[in-house]
Amino acid sequence: MSQLTQAITRAVSPAIVRCELTFVEREPIDHAIAVRQHEQYVSMLRSCGLEVLVIPSDNRFPDCCFVEDAAVVFDEVAVITRMGIASRRGEEVAIEQALSSRRPIVKMEAPATLDGGDVLCLGRKVYVGLSKRTNDEGFDLLREVLTPHDYEVKPVQVTRCLHLKSACTAVDPETILINTRWLEPEAITGVRAIPVPDDEPLAAEVLRVNGTLFMHDGFPRTRELVESLGVAVRSVDLSEFMKAEAGPTCLSLLLS
Ligand code: GLY
């Protein structure tokens, strides 16, 4: 993807306290703190030069701030997903409205399911997690849409965490951070894989915005590892979203 210029985000609903959880135990989420953390996240995106759209929240959808799952955006096309859990279906309507003036749209239909959190883009290679949320039909649809645009789309089995990007994300197109307890490093080929420390298992989810890597505040050892590669890191407290089984990538859709 070329230089990023825009982000789509969505405000945090008070209903986030009832968010979906799959691999983690429920802990109380403080909505007021989540709202403040979201504002800081949006400010950080703006400080990187992005124009940030904040769509109002919708109380029917506890997970609606996790806009990443409702669409997958490329320079050439945006795919509006059919998310893999029924309670989240409907979130994508507002996301489609926001994207329709920005990209040609393809809409995923049943029986396909796919959450954007399962899609990891490394240059022209696109890895798709086959997970509790993303099925073979979702993978097939994404491959059909992207192959004519010269992307290589590959499946990865994800069984030990919610999404592929819970277990690994890009530091740059040639380097990934990975939690090797959740994903075998061999699953992603042709890259330098940096394992996160065992005591920071959630640190493999980071968000790259142009030259800067955004991560949750609580991962000092991973931060040190990444900074030793010469990468600029900015951290933000995302504690309330981590309790919702989410991280920095989940809160935005980034567009060039
Ligand atoms: N709580 C995030 C999700 O389950 O999609």
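Look a little higher up for the structure.
I will try to describe carefully the structure that is included in this document. (Residues numbered from 1 in each chain as written. Predicted model: local features only at pLDDT ≥ 70, side-chain atom pairs only at ≥ 80, totals over all residues. Heavy atoms only, no water.)

1. Comments concerning the overall build of the protein chain
And step 1. Looking only at helices and strands, the protein chain has six helices and 15 strands in total.
And step 2. Against the globule reference of 18 Å for 256 residues, the protein chain gives a C-alpha radius of gyration of 17 Å, in line with a compact fold.
And step 3. The principal-axis extent of the C-alpha atoms belonging to the protein chain is close to 45 × 40 × 35 Å.
And step 4. Taking as baseline every contact in the protein chain between residues at least 6 positions apart, the subset at least 24 positions apart corresponds to 69%.
And step 5. Accessible area of the protein chain: about 10,600 Å², with a carbon and sulfur share of 50%.
And step 6. For the protein chain, the distance from the average position of its 27 positive side-chain charges to the average position of its 38 negative side-chain charges is 2 Å. (Helix = DSSP H or I, 4+ residues; strand = E, 2+ residues; numbered from the N terminus. Rg over C-alpha atoms; globule rule 2.2 N^0.38 Å. Contact = heavy atoms within 4.5 Å. Areas by Shrake-Rupley, 256 points an atom, 1.4 Å probe, with all protein chains shown as cover. Lys, Arg positive; Asp, Glu negative; His and termini not counted. Charge placed at Lys NZ, Arg CZ, Asp CG, Glu CD.)

2. Let's talk about the site of the ligand
And step 1. Residues in contact with the ligand, as listed here, are Glu20, Asp63, Arg88, Arg133, Leu162 and Ala244.
And step 2. Considered on its own, the ligand offers 200 Å² of accessible surface; in the complex 99% of this is hidden by protein.
And step 3. A per-class count over the shell around the ligand returns two nonpolar, no polar and four charged. (Near = heavy atom within 4 Å. Nonpolar A, V, L, I, M, F, W, Y, C, P; charged D, E, K, R; others polar.)

3. Quick word on the sheet that holds strand β12 (residues 207–209)
And step 1. Pairing within the open sheet is mixed, and its three strands lie in the order β12-β13-β14. Only two strands of the sheet have a single partner each, and these edge strands are β12 and β14 (232–236). Across the sheet, the axes of successive neighbouring strands diverge by a mean angle of 30°, strand direction being ignored.
And step 2. Seen against the sheet, helix α1 (residues 31–47) touches β12, β13 (212–216) and β14 and runs at an angle of roughly 155° to β14.
And step 3. Strands in contact with helix α5 (residues 220–227) are β13 and β14; relative to β14, the strand with the most contacts, it is inclined by about 160°. (Pairing = 2+ DSSP bridges. Axes fitted to C-alpha atoms, helices over the stretch in contact; angles between N-to-C directions.)

4. Observations concerning the sheet that holds strand β5 (residues 105–107)
And step 1. Strand order in the open sheet made by the three strands is β3-β4-β5, with mixed pairing throughout. Sheet topology places β3 (71–73) and β5 at the edges, where each strand pairs with a single neighbour. Taken pair by pair, the neighbouring strands of this sheet meet at an average axis angle of 15°, ignoring direction.
And step 2. Pairing analysis gives three bridges linking strand β4 (residues 78–80) to β5, with the strands arranged parallel. Bridge assignment links Val79 to a residue of β5, and that residue is Val106.

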